[in-house]
Each structure stands twice: as C-alpha cells, then as structure tokens.
Amino acid sequence: MPTGHVMMAITLDGYVARKDHSLDWLMKQKTADEDHGFAEFLGTIDVIVMGSGSYRTVLGFEAWPYEKPVVVLSNSLTSEDVPPELAKKVEVMKLSPQALIAEMERRGWQRIYVDGGAIVQSFIKLGLINDFKLAIVPILLGDGIRLFGDLPSDVDLELTHTKAYPSGLVELRYKVA
C-alpha cells in the first residue's frame, strides 16, 4: 500500500504559510549555503500530492520546481487550470485521500510526498502519513496556515533524527508510531 511522507518548513509557532499562502517569511531566511536534503527526499518519492493553495503558490515560482508527477487534490480546480507546459507533469483530481491512495497503488506509485497544510491535515486524520521531516524555521508569524489542526485522537510520534544548521533552522524527523 502507498505511504504518505511529509517534508515541510514550518515556523516555530507552527505555520507553513501566511493566510494568503505567501512564503515570503521562508524566502528571507539565510539558508542558501545549507543543504536541507530536499533533492535527496524527492529522489525517494514517486509522486507529489498537494492542494490547490499550495499549487497556486508553486505556480508563482520563477520556474516549476518538480520533475516528479504532481497531483493536485481540489474540488475547485480542473485540468483547464493547468498551464499547457505543465499538462504532462500536473494532474488535477477530485478524490478523497482514501480514493487517491487506491489510485496511486493502481499506478504503481508507492511513496507519496504530501504537501500543503490542509492536505497534510486530512492525511494525518486518516492515518495515511508514515513520517515527517520538518524544518523548524526561527521565525514567529503569529497567524497563518497551520501544519497541524484538530485531530480526532492522539498521533504518537517517534523522533528518529535531529540536526541544527548555522542559520538557526532545526531539522526534526519523526516516524508515526
């Protein structure tokens, strides 16, 4: 069965983006000389799954950053919202997380990079996340889009790795127990 994996930058107060999905707070961090393992992480996954907010944010980047297939889970977007140059890289689906997992298995995709606050929260609630690689960024926003929301029950985690960087960023890796 396919497994969900999270790698995200998160503020010290638990936000992954501002309410408008802006990542300006992340871009001002002095981390240019640090390798946080994103390319290595992407090398271990088969497909990226994100919500419409994350998709719109990534579309605003100077260049499309992914070579892996991207699935956008959305009830508001359609394939017509995908620019022609990304048509072979990005697919919009209106599936529940459980139905998405079944579709990923049908396609032979086993490791899913789950990205975006709401999508991560929905996968956590359904027990579809296996591990987290979080980059705690030394900034407080006070408001924004949280990575973790209300949960129906506890999610026990096992710390598997920590690393501090000169920028003040701290990497934490957890496996869902």
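Look a little higher up for the structure.
Quantities reported herein were computed from a predicted structural model and do not represent experimental measurements. (Residues numbered from 1 in each chain as written. Predicted model: local features only at pLDDT ≥ 70, side-chain atom pairs only at ≥ 80, totals over all residues. Heavy atoms only, no water.)

(A) Local environment of the packing of aromatic side chains. Taken as a whole and assessed by the stated rule, the structure comprises five aromatic pairs. Plain terms: the ring middles of Phe 41 and Tyr 113 are 5.1 Å apart, the flat faces sit at 90° to each other, and that makes the pair edge-to-face. Pair noted here: Phe 41 is in helix H2 (residues 38-42) and Tyr 113 is in strand E6 (residues 111-115), with a separation of 72 residues, a long-range link. For the pair shown, Phe 41 and Tyr 113 are each scored as buried. Ring geometry for Tyr 55 against Trp 64: centres 6.1 Å apart, planes inclined by 65°, an arrangement best described as edge-to-face. Accessibility assignment for this pair places Tyr 55 and Trp 64 in one class, buried. Ring-pair connections join several aromatic residues into one group, and the members of that group are Phe 38, Phe 41 and Tyr 113. (Phe/Tyr/Trp six-rings, centres within 6.5 Å; stacked < 30°, edge-to-face > 60°. Helix = DSSP H or I, 4+ residues; strand = E, 2+ residues; numbered from the N terminus. Buried < 20%, exposed > 50% of the residue type's maximum accessible area, 1.4 Å probe, protein only.)

(B) Fine view of the layout of surface pockets. Taken as a whole, the largest pocket spans an internal volume of roughly 990 Å³. Only strand E1 (3-11), strand E2 (15-17), helix H1 (24-27), helix H3 (52-59), E6, helix H5 (117-125) and strand E7 (129-137) provide two or more residues apiece to the lining of the largest pocket. Sorting elements by how many residues they give to the lining of the largest pocket places H3 first, with five residues. Partitioning the lining of the largest pocket into residue classes produces 23 nonpolar, 13 polar and four charged. The wall of the second largest pocket is formed by 13 residues, among which Phe 41, Arg 111, Asp 131, Lys 133 and Arg 173 lie closest to the centre. Breaking the lining of the second largest pocket down by element, the ones donating at least two residues are H2, E7 and strand E10 (170-176). Class assignment for the residues of the lining of the second largest pocket results in three nonpolar, four polar and six charged. (1 Å grid on protein atoms, 1.4 Å probe; cavity = no way out; pocket = protein on both sides within 12 Å on 5 of 7 lines; lining within 4 Å. Points joined across faces, edges and corners; volume = space filled by probe spheres on them. Nonpolar A, V, L, I, M, F, W, Y, C, P; charged D, E, K, R; others polar.)

(C) Structural context of the pattern of salt bridges. Summed over the entire model, instances satisfying the criterion amount to nine salt bridges. Among the salt bridges present, the one from Glu 171 reaches Lys 133, with a minimum N-O distance of 3.9 Å. Remark: Lys 133 occurs in strand E7 and Glu 171 occurs in strand E10; sequence separation between them is 38 residues. (Salt bridge = Lys/Arg side-chain N within 4 Å of Asp/Glu carboxyl O.)

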